[in-house]
Amino acid sequence: MSITILGIESSCDDTSAAIIRDGYLLSNIIANQQVHIAYGGVVPELASRAHQQNIIPVVDRAIKVAGISKNEIDAIAFTRGPGLMGSLLVGSSFAKGLSLSLGVPLIDVNHLQAHILANFVLEKDTTNHVPSFPFLCLLVSGGHSQLVVMNDYLDMKIIGQTIDDAAGEAFDKCAKIMGLPYPGGPVIDKLASEGNAEAFAFAKPKMTEYNYSFSGLKTSFLYFLRDNLKNNPLFIEQNKNDLCASLQKAIIEILLDKLLKASNDLNIKEIALAGGVSANSGLRTKILSEAPKWNWTTYLPAFKFTTDNAAMIAITGYYKYKAELFASQDIVPMARMS
Ligand code: KG4
Ligand code: ZN
């Protein structure tokens, strides 16, 4: 018997709905919210209002594109957290209402676990390359930077994480310092491809075990620019590509140092990436080029599954459905989750 899951994602500023049947993606609709660009970051109040406007058309479209009727949905998976409370409330309330009206179970999904399980979304007419257990996942997004050992689909252990800013935050904040638009990660990625990564060097943190820290790098970047702007007000403008390339190189080195240490210590050679920053072309190229040296088999999610999307919520819902892990109607979203 086939299993069809509707996934709903609304943790931050993307409203998304997806249909997955037996692990295969049938649709994945994402409505981005342009309203935040003018503010240089996500404004929570505006995000929840935009989710209210988007949620019904986005879910409706996901069902239509999948070519199914809503009566074929076996369960509704939604993001419980972590995320912005106002945003989470829109998705979770909608999921609850729809599950009641269709008479199907509700499945709560941890957004971070979903980013990792995005590596398991299967697509028809594609060579699907999925990790085997146990694997090590570098989860890098706008809100989190973690090293996670995945022993099974629903059995994960966080072995390291950032003590301050996330990698995506480092990209976004440094972009803002340079006057680049939000979100800064993709912009830095693009400019870095035209720059010299050896042009400048920035301080790197000394962290214990598998933990990360990015706030020192951000401060070092800020002071470096401030000092240089004193002598040359056009310093950023004249060195934009080199600044982006050097900064990106520093972030990638920080991420890979700990990933390599964990891989060696735990002797896990199956390595996956997840989260918005895993879209970074420099990070992807570096991992692929270094993999043979470290004897790694690598798994890089397709670009459309790196940043927030509901396909990752639906695939997590699929595995929770198989494990019969359902939620009750009194479940509440959580801005922070362990
Ligand atoms: O996973 P995600 O969509 O949302 C969170 O759960 O946080 O990640 C968003 C983050 C942002 O910080 C954005 O700048 C970063 O991912 N990002 C990138 C790239 N694309 C998105 N960072 C570096 N290079 C990229 N190409
Ligand atoms: Zn995310």
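Just so it is clear, the structure is predicted and the values come from calculations on it, not from any experiment.

Okay, the environment of isoleucine 271 next. Residue position: isoleucine 271 is located in strand β9 (residues 270–274). Assessed through its relative accessible area of 1%, isoleucine 271 is described here as buried. Those residues in contact with isoleucine 271, other than ones at most four positions away along the chain, are Leu136, Leu259, Ser263, Trp296, Thr297, Thr298 and Tyr299.

Binding of the zinc ion (ligand 2) to the protein goes through His111 (NE2), His115 (NE2) and Asp308 (OD), at separations of 2.0 to 2.1 Å. Note that the zinc ion (ligand 2) binds four donor atoms; their angles at the metal cover 97 to 132 degrees, and the shape is tetrahedral. Motif for the zinc ion (ligand 2), donor spacing along one chain: H-x3-H-x192-D. Placement of the pair is histidine 115 in helix α3 (residues 111–117) and aspartate 308 in the loop between β10 (297–299) and α9 (311–322), with a sequence separation of 193 residues. We note that histidine 115, like aspartate 308, is buried.

Here five strands make up an open sheet; going across it, the order is β3-β2-β1-β4-β5 and the pairing mixed. This sheet does not close on itself; its edge strands, each paired only once, are β3 (24–32) and β5 (106–110). Across the sheet, the mean angle from the axis of one strand to that of its neighbour is 20 degrees, orientation sign disregarded. Alignment of strand β1 (residues 4–9) against strand β2 (residues 14–21), held across six bridges, turns out to be antiparallel. Its bridge partner lying in β2, glutamate 9 is registered against serine 16.

Moving on, we come to the side chain of lysine 320. Checked against the element boundaries, lysine 320 lands in helix α9. Not counting residues within four places of it along the chain, the set of residues in contact with lysine 320 comprises Ile107, Asp108, Leu154 and Leu325.

Counting residues in hydrophobic clusters, the biggest one holds 46 residues, and the most contacted among them are Met178, Phe214, Leu243, Ile251, Leu255, Leu259 and Leu283. Among the elements of the structure, β6 (135–140), β7 (145–152), α4 (167–177), α5 (184–192), α6 (215–231), α7 (235–266), β9 and α8 (281–294) are those that each provide at least two residues to this core. Those residues within four positions of leucine 259 in sequence are excluded, and the remaining contacts are Leu136, Leu138, Leu147, Tyr212, Ile271, Ile287 and Trp296.

A few words on the domain arrangement of the protein. By the assigned domains, the protein splits into domain 1 (4–127 + 306–322) and domain 2 (135–267). In this assembly, 15 residues from domain 1 lie in contact with 12 residues from domain 2. For the pair domain 1 and domain 2, the two sides together bury roughly 1300 Å², of which 79% comes from carbon and sulfur. When residues of domain 1 are sorted by the area they lose upon contact with domain 2, Leu112, Gln113 and Ile116 head the list and together hold 40% of the total. Our enumeration of links across domain 1 and domain 2 arrives at zero salt bridges. For the interface between domain 1 and domain 2, the tally reads zero residue pairs in polar contact (both at pLDDT 80 or more). Examining the composition of the side of domain 1 that touches domain 2, we find that five residues originate from one element, α3, more than from any other.

Let's shift gears to the pattern of salt bridges. Scanning the model with the defined rule gives 17 salt bridges in all. We note a salt bridge from lysine 218 to aspartate 165, for which the minimum N-O separation is 3.1 Å. Pair noted here: lysine 218 is in helix α6 and aspartate 165 is in the loop between β8 (155–161) and α4, with a separation of 53 residues, a long-range link. Among the residues examined, aspartate 165 registers a relative accessible area of 8% and is labelled buried.

Pairing between sheet strands relies on hydrogen bonds along the backbone, with the strands arranged either parallel or antiparallel. Strand order in the open sheet made by the five strands is β8-β7-β6-β9-β10, with mixed pairing throughout. If you trace the sheet from one side to the other, it starts and ends with β8 and β10, each paired once. Going from strand to strand, the sheet's axes swing by 25 degrees on average, the running direction of each strand aside. Lying over the sheet, α7 contacts β6, β7, β8 and β9, oriented at roughly 160 degrees with respect to β6.

Here we take up helix α1 (residues 44–66). In this model α1 runs 30 Å from its N-terminal to its C-terminal C-alpha over 23 residues, within 8% of the 33 Å that 1.5 Å per residue would give. At asparagine 54, α1 shows its largest bend, some 40 degrees, and a proline, proline 57, comes one to four positions later. Along α1, the residues classified as buried are Ala47, Ser48, Ala50, His51, Asn54, Ile55, Val58, Val59, Ala62, Ile63 and Ala66. The secondary structure elements touched by the buried residues of α1 are β1, β2, β3 and α2 (85–102). Looking one or two residues past α1, glycine 67 carries a phi angle of roughly 75 degrees, positive in sign.

Conventions adopted
- Residues numbered from 1 in each chain as written.
- Chains lettered and ligands numbered in written order.
- Predicted model: local features only at pLDDT ≥ 70, side-chain atom pairs only at ≥ 80, totals over all residues.
- Heavy atoms only, no water.
- Helix = DSSP H or I, 4+ residues; strand = E, 2+ residues; numbered from the N terminus.
- Buried < 20%, exposed > 50% of the residue type's maximum accessible area, 1.4 Å probe, protein only.
- Contact = heavy atoms within 4.5 Å.
- Donors = N, O, S within 2.8 Å, 3.2 Å for Na, K, Ca; no water.
- Tetrahedral: all angles 85-135°; square planar, octahedral: opposite > 155°, others 65-115°.
- Pairing = 2+ DSSP bridges.
- Axes fitted to C-alpha atoms, helices over the stretch in contact; angles between N-to-C directions.
- Core = buried A, V, L, I, M, F, W, Y, C linked by side-chain atoms within 4.5 Å.
- Domains from an automatic or database assignment.
- Buried area = accessible area lost by both parts, 1.4 Å probe.
- Salt bridge = Lys/Arg side-chain N within 4 Å of Asp/Glu carboxyl O.
- Polar contact = N/O pair within 3.5 Å; in protein donor to acceptor, adjacent residues only side chain to side chain.
- Expected span 1.5 Å × (residues − 1).
- Bend = angle between axes of the 7 residues up to and from the residue.

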